[in-house]
Amino acid sequence: MELQKERLFSNRDLVRLLIPLMIEQLLAVTVGLADSLMVASVGEAAVSSVSLVDTVNVLLVNTFSALATGGAIVTGQLLGMREPERAQRSAEQLLLFMAALSLAVTAAMYCLRHLIIYGLFGAVEPDVAANAELYFNIVELSIPFLAVYSAGAALFRVMGNSKVSMQISFVMNLINVAGNALLIFGLRWNVAGVALPTLISRMFAAVAVIWLLRDRSLPVHVSADFRPSFDGPVIRSIVRTGVPNGIEGSMFQLGKILLLSVASQFGTASITANAIGNTIGSFQCLAGNAIGMALITVVSQCVGRQDYDGVRYYTKKLLLATYAAMFLTNVAILAAAPAILSIYHVSAEASDLAFKIIWMHGSMSILFWPMSFTFPQTLRAAGDTAFAMAASSLSMWLFRLILGTLLATKGGFGVLGIWMAMFVDWFVRIACFVLRYRSGKWKKMGVARI
């Protein structure tokens, strides 16, 4: 009898990979919520200024995170090919590339800060503008540290060691929350009390991840004789997989910002309901996001050793896990929706709209979110990031943005129309990704052809 092909990852390996990723995602969402509540105690001008600047910062955070994940796919595939020297070289080049790019972006941000604050945000009150500039000047210093941490964390994940990124994330978020509490509640600082802990926590994360990557026992590490010089072919392979991923992440966040302006046309209740829906929606998709990150680790190594049977096996296995996790998570959240909404103390109109959004998003997430967001991670891990970017971005602009605007304004659905169009976007994505997967073209996109 033919022996079953040895699998790269056992069930225990997958659990060991998944649990830290889920904890890390939970930390990110809950700490973000805690931060927003503490900022609210500083005053309306502080809340407005932080919110305005963070619309740009979230765009940068998502872009660098997606870029690092895409670039680390090269390292994952080389690990699967059992070429540790090339994998190590690609990891060092990813760190160098992210550091150089983030320094250039940070310099550009400071050169354009007045245009961003006074041009992009329009006419704002003087105290809001002053707070925004102070917050901007401190927080933007953290961008290079964030980029380096994102690259290091992505490298640990593709090695199958998600515990390290979870531990660093835990301490980073602890520094941020404790710092905010001390400076805001203890010393009564203004927005500087919000910005400074962010800078310090990201500095810690970058230093910690580089320090841990110096461990020579790791499959991929920073060598003692590493010198900062660019390797053209390796950088090109990183750019080929990473940049489309980064563009896709930035386009997604930009679309959310534009849709926020559409929601604002329908009054305070709609804005509030949309904000609550986005917050709860983060929790509804938390498990799926974590499993999607694990899928990148697993599939990239399978593709590296050209184990396409393994790709299919793990894609099905982790998709089923995503459906199960999304079902359990969303059933619990939907059951608790009335209690959750009572915490917000909003108007009856806003509460009613938010309740509808939570139920719409939760029920549709159970049915379609895994195929729309977890499944395409297989294509990305195979190096087919350009197609994933094109399909996702085109679908988002045509359906989520344009159709959402039409349903909200012309269709008379208001803010609910934005969410309805998002579900149409999900269906279109699924069709594109399934067709691409079945075509098999993603098998030709691996790093081996570079």
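As shown above, the structure is provided for reference.
Residues numbered from 1 in each chain as written. Predicted model: local features only at pLDDT ≥ 70, side-chain atom pairs only at ≥ 80, totals over all residues. Heavy atoms only, no water.

So, unusual backbone geometry
Point 1. Even without a glycine there, the phi angle at Arg82 is positive, about 60 degrees.
Point 2. Mapped onto the elements of the fold, Arg82 is located in the loop between α2 (44-80) and α3 (84-111).
Point 3. On the accessibility criterion, Arg82 (59% relative accessible area) is exposed.
Point 4. We note that Gln306 has phi near 55 degrees; this positive angle belongs to a residue other than glycine.
Point 5. Summarising the element assignment, Gln306 is placed in the loop between α11 (286-304) and α12 (308-344). (Helix = DSSP H or I, 4+ residues; strand = E, 2+ residues; numbered from the N terminus. Buried < 20%, exposed > 50% of the residue type's maximum accessible area, 1.4 Å probe, protein only.)

Describing the pattern of salt bridges
When charged atoms on two side chains of opposite charge get close, those side chains can pair.
Point 1. Applying the stated criterion to the full structure yields ten salt bridges.
Point 2. In this structure, the salt-bridge partner of Arg16 is Asp13, at a minimum N-O distance of 3.1 Å. With Arg16 and Asp13 both in helix α1 (residues 11-40) and three residues apart, the pair spans about one turn of that helix.
Point 3. Given the relative accessible area of 27%, Asp13 is considered partly exposed.
Point 4. As a salt-bridge pair, Arg89 and Asp231 come within 3.4 Å of each other at their nearest N and O atoms. Highlighted residues: Arg89 in helix α3 and Asp231 in the loop between α8 (192-212) and α9 (232-263), separated in sequence by 142 residues. (Salt bridge = Lys/Arg side-chain N within 4 Å of Asp/Glu carboxyl O.)

Re the environment of Val194
Point 1. In this structure, Val194 sits in helix α8.
Point 2. As a C-alpha pair, Val194 and Pro233 span 39 residues in sequence and 41 Å in three-dimensional space.

A few points about the layout of surface pockets
Any empty space left between atoms is shown by rolling a water-sized probe over those atoms.
Point 1. Looking at the second largest pocket, its volume works out to about 240 Å³.
Point 2. Around the second largest pocket, the lining residues are Glu92, Leu95, Leu96, Ala99, Val148, Ile210, Arg214, Arg216, Val222, Ser223, Ala224 and Phe226. (1 Å grid on protein atoms, 1.4 Å probe; cavity = no way out; pocket = protein on both sides within 12 Å on 5 of 7 lines; lining within 4 Å. Points joined across faces, edges and corners; volume = space filled by probe spheres on them.)

Considerations on the state of the cysteines
Point 1. All told, the structure shown has zero disulfides when counted by the stated rule.
Point 2. With no disulfide of its own, Cys285 has Cys432 as its nearest cysteine by sulfur position, at a separation of 20 Å. (Disulfide = S-S within 2.5 Å.)

Some words on the nonpolar core
Point 1. Of all hydrophobic cores here, the largest spans 58 residues; its most connected members are Met98, Tyr135 and Leu213.
Point 2. Every element with two or more residues in this core is listed here: α2, α3, α4 (113-120), α5 (126-139), α6 (143-158), α7 (162-186), α8 and α9.
Point 3. At eleven residues, the largest contribution of residues to this core is made by α2.
Point 4. Ignoring anything within four residues of it in the chain, the contact list for Met98 reads Phe64, Leu67, Ala68, Ala147 and Ala151.
Point 5. Ile73, Leu295, Ala382 and Trp442 belong to the second largest nonpolar core, which has 33 residues in total. (Core = buried A, V, L, I, M, F, W, Y, C linked by side-chain atoms within 4.5 Å. Contact = heavy atoms within 4.5 Å.)

As for the packing of aromatic side chains
Point 1. For the structure shown, the criterion picks out eleven aromatic pairs.
Point 2. Ring plane angle 90 degrees and centroid distance 6.1 Å describe the contact between Phe9 and Tyr314, whose orientation is recorded as edge-to-face. With Phe9 in the segment before α1 and Tyr314 in helix α12, the pair connects residues that are 305 residues apart, well separated along the chain.
Point 3. We classify Phe9 as buried; its relative accessible area is 10%.
Point 4. Seen in terms of ring centroids, Tyr308 and Trp442 are 5.8 Å apart; in terms of plane orientation they differ by 75 degrees. Their pairing is edge-to-face. Residue Tyr308 is found in helix α12, and its partner Trp442 is found in the segment after α16 (415-439); the two are separated by 134 residues along the sequence.
Point 5. Connected via pairs of aromatic rings, a cluster forms that spans Tyr308, Phe375, Tyr437 and Trp442.
Point 6. Residue placement shows Arg436 over the ring face of Phe387; its charged tip is 4.4 Å from the ring centre. (Phe/Tyr/Trp six-rings, centres within 6.5 Å; stacked < 30°, edge-to-face > 60°. Lys NZ or Arg CZ within 6 Å of the ring centre and 35° of its normal.)

Considering a nonpolar patch on the surface
Point 1. Taken together, the side chains of Phe170, Val171, Leu174 and Phe204 define a hydrophobic patch exposed on the protein surface, amounting to about 330 Å² of accessible area.
Point 2. If you tally residues by element for the nonpolar patch, the top one is α7, at three residues.
Point 3. You can see Phe204 is positioned in helix α8.
Point 4. A relative accessible area of 31% places Phe204 in the partly exposed class. (Patch = residues over 30% accessible without salt bridge, like charges linked within 9 Å, V, L, I, M, F, W, Y side chains within 5 Å. Areas by Shrake-Rupley, 256 points an atom, 1.4 Å probe, with all protein chains shown as cover.)

Points about α5
Point 1. With 14 residues, α5 ought to run about 20 Å at 1.5 Å a step, and its terminal C-alpha atoms sit 20 Å apart, in line with that.
Point 2. Along α5, the positions that sit buried rather than exposed are Val128, Ala129, Asn131, Ala132, Glu133, Tyr135, Phe136, Ile138 and Val139. (Expected span 1.5 Å × (residues − 1).)

Just geometry here; none of it tells us what the structure is for.
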